[in-house]
Each structure stands twice: as C-alpha cells, then as structure tokens.
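Understanding the architecture of this molecule
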Amino acid sequence: MCGIVGAVAERNVVEILLEGLKRLEYRGYDSAGVALLQPSGELTRIRRTGKVQELADAVAEDSALGSTGIAHTRWATHGGVTERNAHPHCSSERISVVHNGIIENYLALREALTQQGYTFTSDTDTETIAHTVHAEMQKGKSLLAAVQNSVKQFHGAYGTVVMDSEDPSRVVVARSGSPLVIGLGLGENFIASDQMALLPVTRRFIFLEEGDVAEITRREVSVYDANGEPVKREVIESNIEHDAGDKGGCRHYMLKEIHEQPTVVRNALQNRLGESGLVADIFGAGADDILSKVKHVQIIACGTSYHAGMTARYWLEQYANVSCNVEIASEFRYRKSVVHQNSLLVTISQSGETADTLAALRLAKEVGYMASLTICNVPGSSLVRESDLAFMTRAGAEIGVASTKAFTTQLTAFLMLTLAVGKYNGLSEADSSSIVKALHSLPAKLEETLAITQGIEDLAEEFADKNHSLFLGRGDQYPIAMEGALKLKEISYIHAEAYASGELKHGPLALIDDEMPVIVVAPNNELLEKLKSNVEEVRARGGIMYVFADRDARFASDDTMRVINVPHCEAPIAPIVYTLPLQLLSYYVALIKGTDVDQPRNLAKSVTVE
Ligand code: M6R
C-alpha cells in the first residue's frame, strides 16, 4: 500500500528519496511523486503514474534538487490513478503533504475549505490535509502547531509528513493508524512508513506511537504525544539486513523467498526448541505463566495469515486440548462476540501493520481477553508494540506481495504454541515428542520438498490456459488448500476456490468438467481413504486432477489424474511441507502467464487501510 519517505539534510536528498521509494515498491502502488525544497525555499514537485523509475527519469530530466524533501508511492483509494491525484499535494504553493491512510471526513472538510476559498486540484482526501494545515498557518501558527491543530479535525487514519516552503529546515509528521518511523542520521534525519526505505542511510529508528506528532530538523527530533506533551520514544537499532531487497540471483523475490524456507524455518526454531521440548518463555518474558492459564484461544488475522490461524485451530484442539476460534479480522472487529474464560487472543501478521488486525487487537483489549499474543515478522511493528506477548517469526524481509516464507514460519510458530499451551492442558507425551521430532526434521524436509521443482514446472504448463480451478483438502490440509487457491488467484489471476473435500457433493461437484483442474492435497493420514472417495467423485464426473500425495498414499497417474509425490513426513508438519509445492505451482503458472509475480495487480504488501 502507499509508501512515504522524507528527509531533512544538508546534502541533496533526491537519491535518498528515490531509493527509499524503490525499496517500498514491493508494498504495491500505482503512482509516485516527490516534492523538494532547496535551502532558498524553491519548491519542485514532480509526479508520475506508473513505476518509480518513471518518476526517477522525470526527476533526472528536470535536474531537480533539494535538501529537504518528501516522496510517496500511492495506492489509489479516493480518486483514480492519475497524475493530479498522486502525492505530494500542495496548498497555495506553500504546504506540501504526503499521506498514507484515509481521512474519512474529507468531504465535510473539503466543503468547509472550499467555502474558505481553497481550490481543490485533485479528487483525494489527502488534499484536505494540505489546505487544513495551510489554513491553520494563516492564523499565525508554527508548522508544528498547525499540524497539531489540524489532526484534531481529522477522522480516520493517517501517517502524514508536512513540509513548508517558507521554512525548509524542518518537516512535521503525524501518526494515527498508519505507521511512521523516524530514521536518525548524523546531521540529517529521515522519515518513512517502513524502516526498509531508510536502511541505506541509517539503522537507528524511532517508531512513532498512535497520536504522536513530531518535528524533524537536521539536528533534532522532537516528539509530542496525542495530548501535545513532549515525550521520549525509545531509539531502536534495526538488525534487518541492508540487502534484504536483493533477489539473490532469482528471477523474482517470490522464488527467492520460497527457496529460503528451509533456512528461515531453521531460524524460527533456533534457541527455541531444545532436544526434547521448548525453551522457557519463548513467547516473551513471563509468557509461560500466562500460557499456563489459557483455556481458549481466539485467533484473528487476514489473508494468508488467516490460513495459518485456520491450520493452528486443528493443532490446538487436536494436540493441546484447548478450544480455538479463528476469525477474519475485518469481521471480528465489527461484530459482538462472546469472550471465553481465560481466553488468549492471538493475532497473526507478516507486516504487523494490517489495519483490520490492529483494530481487532485494540477491540479485544477492551472486551476482556486474558492476554494478547502476536505472531509477527516485523520487530517494532504496531502489533508487536501493542500486544502483551510477541513471537517473532524471523522469516527476514518478505518482499513478494504473495506471502510464502512468512506463512510457513507462522505455522512453525503455531506448532510451538501448541506445545506451550498443550503442556498445561494434557498434551500427551506421545504427541509432544512427535511434534518435537517433526519440528526438528522440518528444515530438511522442506529442502527435500523443494527438490521436486521440475515436475511442478511441467505441470504449470497445463494450467496456464485455464480460467478456473478447485483446490481440495481435508482436516489440517483444508486451510492449506485455501492457501494454495489464494496464491494461485493472487499472482496468476486464475479463479481458484478451495473446499474441504467432504463438501464436494454439497454443491461444487456441479462445476466439475475437463476445463476445471482440481488440485488435491493428499498426505498419508487418517483421512486418506475419505479423501480417496472424494477423488473418485471427481473422476466419475470427468474431472482432471493434480494430486500432491505422499508416496505411500498409493495414487497412480493415469488419463484423468497426475500424481506428484511429496516426501513422506511426520503428520504434525504435513501442512507446512505440502504448502511448498502449491506455492511453486502458483509461481510457475504466473511465470507462464507473464503476470507481475512480485507486485500483482491491485494488491499491496502491507494493508494499512481497512
Ligand atoms: O501482513 P499480514 O500478514 O497481516 O497481511 C495479511 C494479508 O494481507 C496477506 O496475508 C495477504 O493475503 C497476502 N498477500 C497473501 O499472499
């Protein structure tokens, strides 16, 4: 989704801003822009629809310079994808603004500002910020006070950076609902919506809190809380790799990230899983004390993270003997739900900034959950800071919009949570040692599974001209079928549905014909014979099937069925292992179709608006 980069320096900041925008490209956007101020106060604004490179070319052609600047990648919400709607937006050639989020009362503000004589040149909600701040400055206020007064008038979410042509020595930033991080340099300071953007220039960050407004000059950063009181926010040293944005020789980030899974899963387990069980308090200081009281788990997430939660429900109920509900965050946050006794709220998120998940966490805190835990990949993110307990998945930066390694590390985390909660709820000795043994074998199993790539490349050829597909699974493989379908639709734009295969005869069987490939996930587990019956139901109706099966599951390829053997693995880790071939299938289908694998159309990596 939208990205922000800003800088206040002595040197020319053009390259810093453009590099920052490039490093945020993975989040998804449709236009980009930059506003630059020279020490004399000369303002240059350049905006383009399309890729950041088109903006960079325009900036080079213009020989634009500036020692203070703000830049933005826009993912359209209010107003179409046009240059006039791209950020930055300006008021009276004086105030320039970039903004992530949505100003929900923008229509009312727009009407009031128009009556005051302001002319709008875009269809965006963001332009109301520029004019509101300008109107406040006309009352004789400083930029800081003008922004502080302005934000009181906004309803909705914003991460915004404001620049004044009459004072190039500073920018003022405000955060509510959309993340902002200040990067601390030597004699220069920076601002961004994501630390990734600033890694080439600094590793020292201040993560702004909800309601914070900050004034940033070359030498000083002053932060004020929602009440306008000066506050000290912790400076955090980032250990994210500077070159995390490198494709490592792969054609796409997604492929690189798929192949990183054995390594990142190993990292996720390191120093957490001992020979015979978990190390103490791996879910945070004092976590075991909280986990010992858990009698119910409520999981909240979106998209791929929701599928991780769906899988976890099978594990928590089967092995850990605690009841578990899983819900999509955008549903949970807008309905009244019953809070069970001693219920742990678990949010899952790759980014830690998903607006709906964050809102659900905030709601849950008000309605009496015992404690909250987030399973997250981004240290310092909003979910991590606002949860009682945090478990970092250590997947490393995930750049491809389609989540891959973040998902498998989330599942790994959930197996560990199953051990931790199960310990106090009658997890059997046999199940405990089976999960521990399976987890130890997992990185090697994933390596073995990735070695079957070639067969999947060939298979993808047969999919590329199809418009629809059906994914089937049972038990803890049903959410994996859902995840496989999401991956395929997300990056290849082929319509894909997932069903628990027992549901076939209740409707979807009507869809089966030889134009509708059916993908089946078939590990050798207690539901195999049931699954085989469902496979026969498809075969009897002329369906063409692609079965990812354990070699001992005794499926044989024939005219109507193509079998791809997946290495045999222990039952608890089968959902993680079977995820990989489905990721590869989507990747190769997308490759053949020539879609934008890493930045699929209309999607964003970090969904910071609801
Ligand atoms: O950052 P989160 O894990 O909270 O994001 C949730 C979804 O937006 C995300 O998983 C999305 O579905 C992915 N693009 C799927 O590949």
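Residues numbered from 1 in each chain as written. Predicted model: local features only at pLDDT ≥ 70, side-chain atom pairs only at ≥ 80, totals over all residues. Heavy atoms only, no water.

Counting its secondary structure elements, the protein chain contains 18 helices and 25 strands. Relative to its full complement of 610 residues, the protein chain shows a buried share of 61%. Sequence separation of 24 or more characterises 72% of the internal contacts of the protein chain that already satisfy a separation of 6 or more. Accessible area of the protein chain: about 22800 Å², with a carbon and sulfur share of 47%. Positive and negative charge centroids in the protein chain, built from 57 and 79 side chains respectively, lie 2 Å apart. (Helix = DSSP H or I, 4+ residues; strand = E, 2+ residues; numbered from the N terminus. Buried < 20%, exposed > 50% of the residue type's maximum accessible area, 1.4 Å probe, protein only. Contact = heavy atoms within 4.5 Å. Areas by Shrake-Rupley, 256 points an atom, 1.4 Å probe, with all protein chains shown as cover. Lys, Arg positive; Asp, Glu negative; His and termini not counted. Charge placed at Lys NZ, Arg CZ, Asp CG, Glu CD.)

A separate point is the environment of Ser-305. Along the polypeptide, Ser-305 turns up in helix α9 (residues 303–318). Once the C-alpha coordinates of Ser-305 and Val-339 are considered, the two residues, 34 residues apart in sequence, prove to be 22 Å apart. If sequence neighbours within four positions are ignored, Ser-305 has contacts with Ile-348, Ser-349, Gln-350 and Gln-410.

Once that is clear, we can look at the nonpolar core. Across soluble globular proteins, nonpolar side chains have a tendency to be buried as a group. Counting 88 residues, the largest nonpolar core has Phe-283, Ile-299, Val-346, Phe-414, Leu-439, Phe-471 and Phe-548 as its most contacted members. Per element, the largest residue contribution to this core is 12 residues, and it comes from helix α18 (residues 574–593). Membership of the second largest hydrophobic core comes to 36 residues, among which are Val-14, Ala-58, Ile-240 and Ile-399. (Core = buried A, V, L, I, M, F, W, Y, C linked by side-chain atoms within 4.5 Å.)

Moving on, we get to the site of the ligand. Taken together, 15 residues lie near the ligand, and Ser-305, Ser-349, Gln-350, Thr-354 and Glu-490 sit nearest. At a separation of 2.6 Å, an oxygen atom of the ligand approaches a polar side-chain atom of Ser-349. Secondary structure elements with two or more residues in the shell around the ligand: α9 and α16 (478–492). Classifying every residue of the shell around the ligand gives five nonpolar, eight polar and two charged. (Near = heavy atom within 4 Å. Polar contact = N/O pair within 3.5 Å; in protein donor to acceptor, adjacent residues only side chain to side chain. Nonpolar A, V, L, I, M, F, W, Y, C, P; charged D, E, K, R; others polar.)

Applying the stated criterion across every chain, the model contains five aromatic pairs. Between the aromatic rings of Phe-463 and Tyr-546, the centroid separation amounts to 4.9 Å while the plane-to-plane angle is 50 degrees, which identifies the pairing as tilted. Here Phe-463, found in the loop between α15 (453–461) and β21 (468–473), pairs with Tyr-546, found in strand β24 (residues 545–550); they are 83 residues apart in sequence, far enough to count as distant. Residue Tyr-546 is classed as buried on the basis of its relative accessible area, which comes to 5%. Lying across the ring of Tyr-253, Lys-247 places its NZ or CZ 5.3 Å from the centre. Just above the ring of Tyr-314 sits the side chain of Arg-313; from NZ or CZ to the centre is 5.8 Å. (Phe/Tyr/Trp six-rings, centres within 6.5 Å; stacked < 30°, edge-to-face > 60°. Lys NZ or Arg CZ within 6 Å of the ring centre and 35° of its normal.)

To continue, consider helix α13 (residues 405–422). Here α13 spans 25 Å end to end across 18 residues, near enough to the 26 Å set by a 1.5 Å rise per residue. When you tally the buried positions in α13, you get 18 out of 18 residues, the bulk of the element. (Expected span 1.5 Å × (residues − 1).)

On to the sheet that holds strand β18 (residues 343–349), then. An order of β17-β16-β18-β19-β20 is seen for the five strands of this open sheet, with the pairing classed as parallel. Of all strands in the sheet, those with a lone pairing partner are β17 (323–328) and β20 (389–392), marking the two edges. Recorded for the sheet is a direction-independent mean angle of 20 degrees between the axes of neighbouring strands. Inspection of the sheet shows strand β19 (residues 371–376) paired to β20 by four bridges, in the parallel sense. Paired with Ile-375 across the two strands is Phe-391, which belongs to β20. Across the face of the sheet, α9 comes into contact with β16 (296–301), β17 and β18 while running at roughly 170 degrees to β17. (Pairing = 2+ DSSP bridges. Axes fitted to C-alpha atoms, helices over the stretch in contact; angles between N-to-C directions.)

Burial runs high along strand β23 (residues 518–522): five of the five residues are buried. The alternating pattern of β23 places Val-518, Val-520 and Ala-522 on one face and Ile-519 and Val-521 on the opposite face, and all of these are buried. Sheet topology note: the β21/β23 ladder contains three bridges and is parallel. When the bridges of β23 are listed, Leu-470 appears paired with Val-518. Across five bridges, the pairing between β23 and β24 is parallel. In the strand pairing of β24, Val-518 is matched with Met-545. In this region the chain leaves β23, passes through helix α17 (residues 528–540) and returns to the parallel neighbour β24; the handedness of that crossover is right-handed. (Right-handed = clockwise from strand over helix to strand, strands pointing away.)

Strand order in the open sheet formed by eight strands is β3-β2-β4-β1-β10-β9-β11-β15, and the pairing between neighbours is antiparallel. Sheet topology places β3 (43–49) and β15 (236–237) at the edges, where each strand pairs with a single neighbour. Sheet topology note: the strand β9 (residues 181–184)/strand β10 (residues 189–192) ladder contains four bridges and is antiparallel. Bridge pairing in β10 links Ile-182 to Ile-191. Along the sheet face, helix α1 (residues 14–24) touches β1 (3–8), β2 (31–37), β4 (68–74) and β10 and points at about 160 degrees away from the line of β1. Of the strands in this sheet, β2, β3 and β4 are in contact with helix α2 (residues 52–62), which crosses β3 at around 145 degrees.

The next thing to look at is the pairing of strand β22 (residues 495–500). Relative to β22, β21 is paired through six bridges, and the arrangement is parallel. Within the sheet, the bridge partner assigned to Ser-469 lies in β22 and is Ala-496. Crossover connection from β21 via α16 to parallel β22: handedness right-handed.

Contact geometry for helix α7 (residues 261–269) and helix α14 (residues 429–450): axes closest at 8 Å, N-to-C directions at 170 degrees. By the criterion of interaxial angle, the relationship of α7 to α14 is roughly antiparallel. Across from Gln-261, Pro-262, Val-265, Arg-266 and Leu-269 in α7, the residues of α14 making contact are Leu-439, Leu-442, Pro-443, Ala-444, Leu-446, Glu-447 and Leu-450. Across the contact of α7 with α14, the residue classes break down as nine nonpolar, one polar and two charged. (Parallel < 35°, antiparallel > 145°, perpendicular 65-115°, else oblique.)

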